[in-house]
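Secondary and tertiary structure notes
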Amino acid sequence: MTPAQLGVRAGQTAPEWQETAREEDKRMRNGELNKRVNTFDVDAIRNDFPILKQCVHGRPLVYLDNAATTQKPQEVIDAIVRYYTETNANIHRGVHLLSEKATKEHEDARKIVKRFLNASSTQEIVFVRGCTEAINLVADSWGSENLGPGDEILVSNMEHHSNIVPWQLLCQRTGAVLKVIPIDDAGDLLMDEYQKLLGPRTKIVSVVHLSNALGTINPVREITRLAHEAGARVLIDGAQSVPHIPVDVQDIGCDFFAFSGHKIYGPTGIGVLYGKRELLEAMRPYQGGGDMISSVTFEETTYNALPYKFEAGTPNIEGAIALGTAIEYVERIGLEAIAAHERDVLEYGAQRLLETPGVTLIGTSRHKASILSFVLEGVHPHDVGTILDQEGVAIRTGHHCVQPVMKRYGIPATARVSLACYNTRGEIDALVAGLKKVVEIFS
Ligand code: 7TS
């Protein structure tokens, strides 16, 4: 099957998800969904991000690679500087003022994350290095104790490698089996197939909330409900969802939820694992070291209370604090207002891309956000990315760490535009102007 058969091609009518988006936008404008959309001021938001003011290759930077990492607002940068200027000390151990201050700021950040995800307790919020580490933690600590030969792990065809490889490693250790939920041509999960795959041997379902390659938003509530009916646990990879759509872990009902700080305007090297308390309580520690213990003798060690049992060693203190600042920044703008703005830019972007001869969109689910993956006939995506870079436009090209998705569509790679709250229709125009140059060069 060629990509042209699977995606939406230049000159074709708008995909159905655009219709859905238009309907929702209308409701938003009518004030039914969210009144704050009218107050969204993208120029003011752009002003918060100093990096966006620069030129690359003599052109104003058009940063459209936000699924890889987002840029940081000044207040997040300031939080890191302030921490090292005024607070720096190790946490949970000093009796001196700075240590107490650092501990309080670190634990305050945990409260912000708890509120943001609507977890029921800060004990359910474990700070980790990022989404990848969170998934590895669950696969290792929970998986090693709860899976045996012949047990099954379900992932989907659209998972990032970080939600595939930790489970494969677990399968190698335990004899468990990895099964894959297929997707249709638009990039939606085949829910019937999912239900058929669920069975008494299914121990955990681990799926992405918002696909980094296709933009599909998966029905995680329904996925969780069905998994629980089958007696399986659920992990949701929220790396791409938290910056774009409101998340309520209690409403979803999932057992674990993972995300990275750097994709939601926070620093790199910090992320979050949410886990239901009773599950985290029953799990063995992931790593041993300082801070995760209650007492140590050479004969026996007892572990610290949650969440510290999973936070061995000196953590990324300033990272957690600045992540708290980033989340407060997002909350202040409002995730629904961000979603409405990004939907407008996404819809405009899809329309403009399809005006470019030779473009095929990959990922056309009705329920999608923030991602426009495409191929351009006769041009390798890397060439698209390299020429666009000369025009100041930063996109990602390649397999986006989702090689099974590329295989599903029979393509080696895509060019991917991924949006954030600061992107504009004008930047889409710059992208499309750059693409015209690509077409000229290759025609
Ligand atoms: N899950 C998804 C859905 C992702 O998109 C990514 C990173 C990860 C997990 C891993 O996150 P990390 O912060 O632990 O590395 N995705 C991408 C991307 O799309 N381009 O670069 C990284």
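Refer to the structure above for everything that follows.
This structure is a prediction, so every number in the text was calculated from the model and none was measured.

Focus on the pattern of salt bridges
- Enumeration over the complete set of coordinates arrives at 27 salt bridges.
- The shortest N-O distance in the salt bridge between Asp255 and Arg233 comes to 3.2 Å. Linking Asp255 in the loop between α10 (249–252) and β10 (256–260) with Arg233 in strand β9 (residues 233–237), this pair joins segments that are 22 residues apart in sequence.
- We classify Asp255 as buried; its relative accessible area is 0%.
- Classification of Arg233 by relative accessible area gives partly exposed; the value is 31%.
- Where Glu355 meets Arg352, a salt bridge forms, and the shortest distance between an N and an O atom there is 3.0 Å. With Glu355 and Arg352 both in helix α13 (residues 335–355) and three residues apart, this pair spans about one turn of that helix.
- Connected through shared salt-bridge partners, Asp140, Glu145, Arg173 and Arg284 make up one network.

Description of the site of the ligand
- Near the ligand, the surroundings consist of 16 residues, among which Thr132, Asp237, Ser260, Arg396 and Arg416 are the closest.
- Thr132 places a polar side-chain atom, nitrogen or oxygen, 2.6 Å from an oxygen atom of the ligand.
- Its free accessible area being 490 Å², the ligand has 87% of it covered by the protein chains.
- For the shell around the ligand, the two domains that each supply at least three residues are domain 1 (3–69 + 334–442) and domain 2 (76–331).

Basis of the calculations
- Residues numbered from 1 in each chain as written.
- Predicted model: local features only at pLDDT ≥ 70, side-chain atom pairs only at ≥ 80, totals over all residues.
- Heavy atoms only, no water.
- Salt bridge = Lys/Arg side-chain N within 4 Å of Asp/Glu carboxyl O.
- Helix = DSSP H or I, 4+ residues; strand = E, 2+ residues; numbered from the N terminus.
- Buried < 20%, exposed > 50% of the residue type's maximum accessible area, 1.4 Å probe, protein only.
- Near = heavy atom within 4 Å.
- Polar contact = N/O pair within 3.5 Å; in protein donor to acceptor, adjacent residues only side chain to side chain.
- Areas by Shrake-Rupley, 256 points an atom, 1.4 Å probe, with all protein chains shown as cover.
- Domains from an automatic or database assignment.

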